[in-house]
Structures are given as C-alpha cells and as structure tokens.
Amino acid sequence: MLKNKKIVYFCQECGYESSKWMGQCPGCRAWNTFVEEAVTKKPAGSGKITDKNLAEPVVLSKISMTSDERKSSGIGELDRVLGGGIVTGSLVLVGGDPGIGKSTLLLQVCRNLALQGTSVLYISGEESLRQIKLRADRIGEFNDQLQLLCETNLENIREIMERKKPQVAIVDSIQTMFHDQISSAPGSVSQVRESTNVLMQIAKGMGVSIFIVGHVTKEGNVAGPRVLEHMVDTVLYFEGDRHASYRILRAVKNRFGSTNEIGVFEMQENGLQEVKNPSEYLLDGRPENTSGSIVACSMEGTRPILVEIQALVCQSNFGIPRRTSVGTDFNRVNLLMAVLEKKVGVHLSSSDAYVNIAGGMKMTEPAIDLGICLAIISSYKDIAIPDRVMAFGEVGLSGEVRAVSMAPQRVSEAKKLGFDTVILPMACRDSCEKIQGIRMVYVSWIREAIDAILEK
Ligand code: TYD
Ligand code: MG
C-alpha cells in the first residue's frame, strides 16, 4: 500500500470521520452507516503559506458591490425561496427524493435565464444529451444561450468552465461527480466533499452561480447531502407527496435570505408550474356541510396558507384508543385531546381519533391548534362547522387560546378567499380590529370557541 494512503471510516449520513469502524455513529446516532474509504494524505509542505496565496485583510468600506448582484430565475416561487433571486457567485444545493422534479425545475430555470440572455451551462452526470433533450421538448422552446455537457470529472469541468465562462451552471448531480485525486467511488463522502469544494472554488473564484443537485436516499452507499449543507450557501429541499402532483420547495439554509419561505409548484405535462395561490389550490374540492372539518391558517414565511383540517372521532372497540395524525405532530394532537378532555369535559379517552391535514401538506405551527380542537369536537358531537369559518390560535394547557404572530395577514387571506367568519385569539384584537368586511369572533378560552360555533 502507498505510504500516503490512509483508511478512514465515514458516516454516510452526517460525514462523521473515525479511524475505526463503529456500529452507531456518535455524530448523528444512525446505525450501520460507517463505510471504509481510502484517503490520500497531502505531501508534507503542500499547505504551506507562500506570498502568493496569502490574502490581505480589507475594510468593509473598500468592498465594492455591483448592482446586478441578483438575477431573477424567471420563476417567482423560486426567487422567493432564494430570497429575491439568484445571487452571483453563490452555491445552491437542491436536494430531494429521486423523481421529485429537481432536474425539471433546474432545466426550466436554465431556459428562463437563457431567454434573458444569461449564458448557462448544464452539466449532467446522470443523463445523456438525448434524455435531456426529451425533457427539454416537454418544457418548451430553448435558445442557444444554454449549453449542455455530459461530464463527471471535475478537473475537466473546471477547465471547460474557465474556457466558456458561463454566468450560471447546473451540476446534476453531485453524487456522480468525481475528483481524480481521490480514490474512493463517486458518491462517497470524501468524493462528494471534495467535489463540492472544487465547485465552491469555481463559484467564488469566477463569480458563477452554481446549482448542485443532491440525492437523498436511505441507503448507506450514497452520501446524503447533509455533508454538503455546511459547505454551500443555500440549501433547498424539494419535497412533496408522490401521489399528489404539487411540490414544495423549502429553504433550510440561506445565507442570502429567510429560511421560512416556501415555493409551491404543480407537476404538469409541460414541466413544473407555479401555484400562485396555494390556499385556493389546497381548499379546492373541500366537502361541504360535514362534521369534523374546519379551515385553519398556518404562516409559511411571509405567506398565510389556509388548509382544511379533518378529524374523525369514533367509539373505540379496544381498551387503548387508537390515535393517528397525518400532516401534523402526533404528540401535539394527543396533548390537545388531553386539554379537551380535562378542560372542556368531553370524554375522548374511549374514542379513537384520526386527524388529517388535507392535501398532504405538513404543518407544525401552533396556530393550527384551535382548528384541530374544533375539528375534533365537531366530529365528536357530529355537528358540522359552517363552511365559511376559519380559525387560528395556539391552545395552551389550561385551555386558553393564546396569541399568534401575523394575525392581520391571516384574517386578510381568509377575507380574500371569501370566508365570512374568523375565530381568533382575544389577544389579537388590537391588531385586527381595523379589518372590515369579515366577522371576527375573539376568544380567550377554547370553550368560548366551541360555544360560538358548535353549540346548538
Ligand atoms: P425529474 O426532474 O427527472 O426528477 P429528479 O431530477 O428529481 O429525479 O422529474 C421526473 C418526474 O417528473 C418524472 O416522473 C416525470 C415527471 N415529469 C412530468 O410529469 N412532466 C414534465 O413535463 C416533466 C419534464 C417531467
Ligand atoms: Mg434528475
């Protein structure tokens, strides 16, 4: 064996490095994720500082900013998630399950940028040029500002980038890229880490905005993008239900903007289309006049999203009642049911309960508590809540309804979608009183909310 080669073990989930194999990773507690990799040690003295690579410190006022720091991607929902457009010289990681639409979204971005006159290079290590063309044909017309390349060797990529000088580049996917100097297979932690490093140097050095696609798989042999998250500027996750056609793009890290924003898309025959008004989309086809259903509001970044909360409460046939929650936190639902039992006096301990956020959205904001409680009571009593009622508010352990942030935005969204009544915390009264044209029911206790709409 060569002297400067060393065997180390990497956790494929989080990138934890160890000199021996372990069953459980001390970093992320995952089991059986360590994989052996040979790493080459750099010859002694290679990292030595010379005059050439020694950077000079500068003062803030001397740093020049150009006005075209951000470019629009031509897709409003993506711009919103990125914090207002693509930042020049940024490195963005787009992660998601296979088949969710990462390549489609980025190809659409390429098309829009090319139409604006930006030079774009799409580097694919996964698909052949013909396959990309097939996808492009579904999306629409392209112009010659977009160039395609099938390549996996990073040194070649660096060279081509230096020659072509694109303004934006896409690397699909990081798991297929490899660096000559690293002996482990593409997709392993050291390859992924080194490849990202090279791409980062290209992005920062040449001022190219680079999008990297990363796969997330549960198998141990592919390095999860978790390892990369620390290295890149922005991490976007593309998620969605395989059975539903809509997709959600979420920022989990963003050096240039907020991480709360989401973008909503729908996968159609001709690529991903933006969903400008997600509430309308999610409430479409809602059953009318049935018990156990109410509309609640959750903020996703600066945008209020209305969703239908459904509950089904029925007599339990076993000693231990069955509880299930889909789309929201299971423990939170149990907690709210305990509050209802103790403070409202309904006997839920002998009932099975199922709570579902319709449409496959995942929501964990406490503002939907009031909606969950009202849906459960509505189903328990078998009384339908009027269709045009929306409720929001956090429910505390004493049965009190607590204030939530951005109440006026939530009320306005409900008004825009034609709701006539909003049930909201008393503490939000001051901020919402000015809004006209919609009936507001302020409540301090969960009991008052129930009395307001569920008592016959
Ligand atoms: P893709 O972008 O290849 O996914 P990823 O790169 O994340 O693995 O998306 C693939 C899915 O999208 C595939 O199942 C086909 C579907 N699709 C459409 O429904 N409409 C379209 O216009 C395109 C291009 C793809
Ligand atoms: Mg793909």
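Residues numbered from 1 in each chain as written. Chains lettered and ligands numbered in written order. Predicted model: local features only at pLDDT ≥ 70, side-chain atom pairs only at ≥ 80, totals over all residues. Heavy atoms only, no water.

## With respect to unusual backbone geometry
Then, in step 1: The omega angle of the peptide bond from aspartate 172 to serine 173 is 0°, so this bond is cis rather than trans.
Then, in step 2: Along the chain, serine 173 falls in the loop between strand S9 (168-172) and helix H5 (189-206).
Then, in step 3: Phi at asparagine 32 takes a positive value of approximately 55°, unusual for a residue other than glycine.
Then, in step 4: By the secondary structure assignment, asparagine 32 is in the loop between strand S2 (17-18) and strand S3 (34-40).
Then, in step 5: Taking relative accessible area as the criterion, asparagine 32 reaches 58% and is therefore assigned exposed. (Helix = DSSP H or I, 4+ residues; strand = E, 2+ residues; numbered from the N terminus. Buried < 20%, exposed > 50% of the residue type's maximum accessible area, 1.4 Å probe, protein only.)

## Looking at the sheet that holds strand S1 (residues 5-11)
Then, in step 1: Here three strands make up an open sheet; going across it, the order is S2-S1-S3 and the pairing antiparallel. Taken across any chain shown, the strands that pair with only one partner, and hence form the sheet edges, are S2 and S3.
Then, in step 2: On top of the sheet, H5 reaches S1, S2 and S3; it is set at about 95° to S1, its chief contact. (Pairing = 2+ DSSP bridges. Contact = heavy atoms within 4.5 Å. Axes fitted to C-alpha atoms, helices over the stretch in contact; angles between N-to-C directions.)

## Side note on the sheet that holds strand S7 (residues 120-124)
Then, in step 1: With mixed pairing, nine strands are arranged side by side in an open sheet as S8-S7-S9-S10-S6-S11-S12-S13-S14. Two strands bound the open sheet, and with one partner strand each, they are strand S8 (146-150) and strand S14 (271-274). Strand-to-strand twist across the sheet, computed as the mean angle between neighbouring axes with direction ignored, equals 25°.
Then, in step 2: Judged from the five bridges that link them, strand S12 (residues 246-254) and strand S13 (residues 262-268) form a sheet pairing that is antiparallel.

## What about the site of ligand 1?
Then, in step 1: Every one of the 15 residues lining ligand 1 counts as a neighbour, but Ser103, Thr104, Arg135, Gln268 and Gly271 are closest to it.
Then, in step 2: Within the contact set of ligand 1, an oxygen atom lies 2.8 Å away from a backbone nitrogen or oxygen of glycine 99.
Then, in step 3: At 2.6 Å, a side-chain N or O of threonine 104 approaches an oxygen atom of ligand 1.
Then, in step 4: Considering ligand 1 on its own, with 570 Å² of exposed area, one finds that the protein chains cover 75% of that surface. (Near = heavy atom within 4 Å. Polar contact = N/O pair within 3.5 Å; in protein donor to acceptor, adjacent residues only side chain to side chain. Areas by Shrake-Rupley, 256 points an atom, 1.4 Å probe, with all protein chains shown as cover.)

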